[in-house]
Amino acid sequence: MTYKILFCITYLMSLLPMRVHYFFSDLMYPLVYYIIRYRRKIVRKNLVNSFPEKDLTEIKKTERKFYRFFCDYFVENIKALTMKKEDMMKRMKFENMELIDNLFQNKQFIFLYLGHFCNWELIASLKWWFPKQYNTAQLYTKLHNKHIDRLFFKIRSRYGGENINKKEALRRIIAIQKTGQKTLIGFISDQGPKRESIHLWVDFLNQETPVFTGTERIAKKVDAGVTYGEVKRVKRGYYTCTFKLITNDPKSFGEHEMTRLYMKMLEADIRKDPARWLWTHNRWKRKHDN
């Protein structure tokens, strides 16, 4: 019953014009930033440690821009529940699609490295850009609130791509391999692994950072073509994702070389537009034991 109520409210809100959603976003910003102060301490700590070259005035400016964007992200994903295909394809564009076509000539799988950057949820609409013979999928981690998790699962599924539970990723990808179905799979790999799952630390945003290495391990196992999605916010509510080739021969990369390259590419994007990364995540709560 709780989910049904949540879904009905979200669905009705989603029917409102986009300009009304942004009006609500503008109202939410001072509430979230100044009154609720949602994760302000974590965001400030992350920004200060990531950009030691910036003074406090610059940090606060980036911080405020981030929270404004964070509110936009929230309403954009409510709108995504009912947004028409033609409207979504205007707002979320994909560039360098010829790279994907070329890789699929010789590969069953293409892996797409992404980060929690710009509106990553809208990238699930990639399926609408593909010919019918290609499938898409994205890994996901269940949210703590089961009702919100179910709602986001619904939104991500409406484009036709498959949601793969991260804990079942290898098993499901091997199952797809047996069918021969050509599939592009998105991996958002910039959050922190649990202590027992840490196999690599890298220098990321001026801090020693534990990272997931599963994407490169699976890529080598199934001989996937590996790409990176360079995402940009063109203007409010409009994004582009440009495909960049990492490799069409993953086994030629040394251990962790691919993961390190991905983290460097993501860091470069964050430095160009720092307000669009998910700073509310307590990314550096685990420290490297020397």
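For the structure given in this document, a descriptive report is provided here. (Residues numbered from 1 in each chain as written. Predicted model: local features only at pLDDT ≥ 70, side-chain atom pairs only at ≥ 80, totals over all residues. Heavy atoms only, no water.)

1. A short note on the pairing of strand S7 (residues 207–210)
Side-chain direction in a regular strand flips from residue to residue, so the side chains alternate between the two faces of the sheet.
Then, number 1: Relative to S7, strand S6 (residues 201–204) runs antiparallel, the two being bridged by 4 bridges. Within the sheet, the bridge partner assigned to Trp 201 lies in S7 and is Pro 210.
Then, number 2: Linking two consecutive strands that pair antiparallel, namely S6 and S7, is a turn of 2 residues; a positive phi of about 55° is found at Leu 205 within it. (Pairing = 2+ DSSP bridges. Helix = DSSP H or I, 4+ residues; strand = E, 2+ residues; numbered from the N terminus.)

2. As for the state of the cysteines
Then, number 1: If you walk through the whole model with that rule in mind, you get 0 disulfides.
Then, number 2: A disulfide-free cysteine, Cys 71 has its sulfur positioned 16 Å from the sulfur of Cys 118, the nearest such atom. (Disulfide = S-S within 2.5 Å.)

3. Focus on the pattern of salt bridges
Then, number 1: Applying the stated criterion across every chain yields a total of 15 salt bridges.
Then, number 2: In this structure, Glu 230 and Lys 272 form a salt bridge, with 3.7 Å as the shortest nitrogen-oxygen distance. Taken as a pair, Glu 230 in strand S8 (residues 225–235) and Lys 272 in helix H10 (residues 257–272) lie far apart in primary sequence, 42 residues in all.
Then, number 3: Residue classification places Lys 272 among the exposed positions, given a relative accessible area of 56%. (Salt bridge = Lys/Arg side-chain N within 4 Å of Asp/Glu carboxyl O. Buried < 20%, exposed > 50% of the residue type's maximum accessible area, 1.4 Å probe, protein only.)

4. Remarks on helix H8 (residues 169–179)
Then, number 1: Those residues of H8 that fall on the buried side of the exposure criterion are Ala 169, Ile 173 and Ile 176. All buried residues of H8 fall inside an arc of 55° around its axis, so they share one side. Turned more than 90 degrees away from the buried face of H8, the exposed residues are Arg 171 and Lys 178.
Then, number 2: Tucked into the core, H8 has its buried residues touching strand S2 (109–114), strand S3 (135–140), strand S4 (162–165), strand S5 (183–188) and helix H9 (214–222).
Then, number 3: Among the residues trailing H8, Gly 180 stands out with phi positive, at a value near 80°. (Arc of directions from axis to C-beta. Contact = heavy atoms within 4.5 Å.)

5. Considering the nonpolar core
Then, number 1: Counting residues in each nonpolar core, the largest one holds 84 residues, and the members touching the most others are Phe 111, Leu 184, Phe 204, Phe 243, Ile 270, Trp 277 and Trp 279.
Then, number 2: Among the elements that take part in this core, helix H4 (residues 56–79) stands out by supplying 8 residues, more than any other.
Then, number 3: With residues near it in sequence (within four places) discarded, Phe 204 still touches Thr 209, Met 263, Leu 266, Glu 267, Ile 270, Trp 277 and Trp 284. (Core = buried A, V, L, I, M, F, W, Y, C linked by side-chain atoms within 4.5 Å.)

Everything listed here is a matter of coordinates, which is why it stays silent on function.
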